[in-house]
Amino acid sequence: MARPKNVKYIFVTGGVISSLGKGILSASLGMLLKARGLRVAIQKYDPYINVDPGTMSPYQHGEVYVTDDGAEADLDLGHYERFLDEATSQTSNLTMGRVYKSVIDKERSGDYLGATVQVVPHVIDEIKDRMAEQAKNGNLDVLITEIGGTIGDIESLPFLEAMRQMKLEMGDSNLLNIHLTFVPFIKAASELKTKPTQHSVKMLLGVGIQPDILVCRSEKQLSRDIKNKVGHFCNLNEFDVIGLSDCDTIYEVPLMLLQEKLDQRVLKKLGMKKFKEPVLNYWRDFCNKVKFPQDGEVTIGICGKYTEYPDAYKSIIESFIHAGASNNVKVNVKLLRAEDAELTAFDFAKELENVNGILVAPGFGDRGIEGKIKYIQYAREQNIPFLGICLGMQCASIEFARNVCGMQEANSTEFNKRTRFPVIDLMEHQKKVKEKGGTMRLGSYPCIITEGSKAHTAYQKFLVNERHRHRYEFNNTYRQNFEESGMTFSGTSPNGELVEIIELKDHRWFVGVQFHPELKSRVQKVHPLFHSFVAATKEYKRGVHQMELAVDMPSFVPVYNEPAQ
Ligand code: GLN
């Protein structure tokens, strides 16, 4: 496949330890280059053998991110969208499993014409072809590729070899490697230690790659001496050693990298002409609001079953940061373990003492379901602002059926196939589905909003597009019964068949959504439902009992502009 000439490539790798923030680094660099007027896309290469993370437990992998076109993808794509304000897609997350699957499928079709199929060249060529395709289709100046895992892992070797070959083929000014490492601060010696970084670079050199720029994460700021030393041992100019010390919010990372001139070094090394200076007033203003909100704080409980592992709720937690800024409040998140609420002696009032709103999270399987339902009952009865997402909306429907409509045995057929009142049931087109991977109702679908509803007040729109990931849906047999008991179906699919949003009339703010609004909240486009929910928690905390329906949108988000699809 011909490789598009004018696209520049940046590979971001990580060394020493995991969790240093390659995703945030890639997203921040992308955002800075875009602010300079470049057309940028970011993608993630993951070394594991799963075709996508859709079948993995959130304990293994954190949240599964969903794109408009229905990919179940790595959560780093969420960072790319939130920072870059560009939609990712099916091709933005390539796993080694997908690469091997494609190679094996081609082998079975006889495409290799009798060759012995091997990692070199076939697997490497497959990776290079995918890269070229992505660059060609994107109408891009720069394609940033984050490689998952840590240097030294066996699994990621084919990705590194593809990078090495591409650099050789294209020349140094067309492809850069930015290597993110860790420079630990040793308290006893009161010193930053560079040895782990040196070792990590040696490992990269061992597979034939000289990093072009090092970004060094550290607790303390890197002095010029340290940069010099790192550069000296790693064959780099001190200006190509970028310090990235700990900061209060991930949204400050682009500003810190700007100060360290990472974007300038990148442009210089790629031989790109001077692009305009980035104007980041909005971003700075946003960070200020995150760090120093003027209107105090609220606490929101996120009820779920993966509470020991907040990465399972990544996009929700980030959406609260955006909505906190737009409401000028700090949003504290308290993770509520759903199963705890199943104990008979559970004290809701105590657990929720300082909680101003409850969100019931998405999920699968029956563990913790009864606890979630109890939290919802408490929120409904105590008039506490509530947002239910996907499974959270389904649980709110079950709770309403049981405790308001008098259908005590109501359930979802996901948890009880023979329930007497299947208020949540498998979608018709799911009934024949056998394979688990990539077969849910996935991606963006339109939703029509009812005038006068809380959803409409939030969105200020009659038609929105939201992302989905589910197999079950509200069972229309029960719609009339629910409506007569006080529930509003304020959002449906355009043909009216699928319930997308439920609300309670006699409640200050009780909204359940079948879709995932958290996947579309961005720094520059806070999601209206999160904004309104946080506004409601703020009002609730202030003790305003008769809340006005109209929620003021913040001045810098006048109308919700949906992120481009
Ligand atoms: N388990 C539910 C379903 O499949 C909800 C899924 C979710 O919360 N993403 O419909």
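If you're wondering where the values come from, they're calculated on a predicted model, not measured in any experiment. (Residues numbered from 1 in each chain as written. Predicted model: local features only at pLDDT ≥ 70, side-chain atom pairs only at ≥ 80, totals over all residues. Heavy atoms only, no water.)

S.K.: How do you make sense of the site of the ligand when you look at a structure like this?
M.R.: Surveying the vicinity of the ligand reveals the residues P362, G363, F364, C390, L391, Q394, E414, R469, H470, R471, Y472 and H516. In the environment of the ligand, an oxygen atom lies 3.0 Å from a nitrogen or oxygen atom belonging to the backbone of G363. Here E414 contributes a side-chain N or O atom positioned 2.8 Å from a nitrogen atom of the ligand. Relative to its unbound accessible area of 300 Å², the ligand is 99% covered by the protein chains. Judged by the fraction of its atoms near the pocket grid, the ligand is located in the largest cavity. Contributing elements (two or more residues each) for the shell around the ligand: α15 (391–403) and β19 (463–470). Classifying every residue of the shell around the ligand gives five nonpolar, four polar and three charged. (Near = heavy atom within 4 Å. Polar contact = N/O pair within 3.5 Å; in protein donor to acceptor, adjacent residues only side chain to side chain. Areas by Shrake-Rupley, 256 points an atom, 1.4 Å probe, with all protein chains shown as cover. 1 Å grid on protein atoms, 1.4 Å probe; cavity = no way out; pocket = protein on both sides within 12 Å on 5 of 7 lines; lining within 4 Å. Sits in = over half its atoms within 2 Å of the grid points. Helix = DSSP H or I, 4+ residues; strand = E, 2+ residues; numbered from the N terminus. Nonpolar A, V, L, I, M, F, W, Y, C, P; charged D, E, K, R; others polar.)

S.K.: Just to check I follow, could you spell out unusual backbone geometry for this structure?
M.R.: Backbone phi values are negative for most residues with the exception of glycine, while trans is the configuration of most peptide bonds. Here the amide bond leading from V120 into P121 is cis, since omega sits at 10°, within 30 degrees of zero. The topology assignment puts P121 in helix α5 (residues 119–137). With a phi close to 75°, V16 is a non-glycine residue in the positive phi region. Tracing the backbone through its elements, the reader meets V16 in the loop between β1 (8–14) and α1 (22–35). The phi dihedral of S19 falls on the positive side, at around 65°, and the residue is not glycine. One can find S19 in the loop between β1 and α1. Residue S19 is classed as exposed on the basis of its relative accessible area of 74%. (Buried < 20%, exposed > 50% of the residue type's maximum accessible area, 1.4 Å probe, protein only.)

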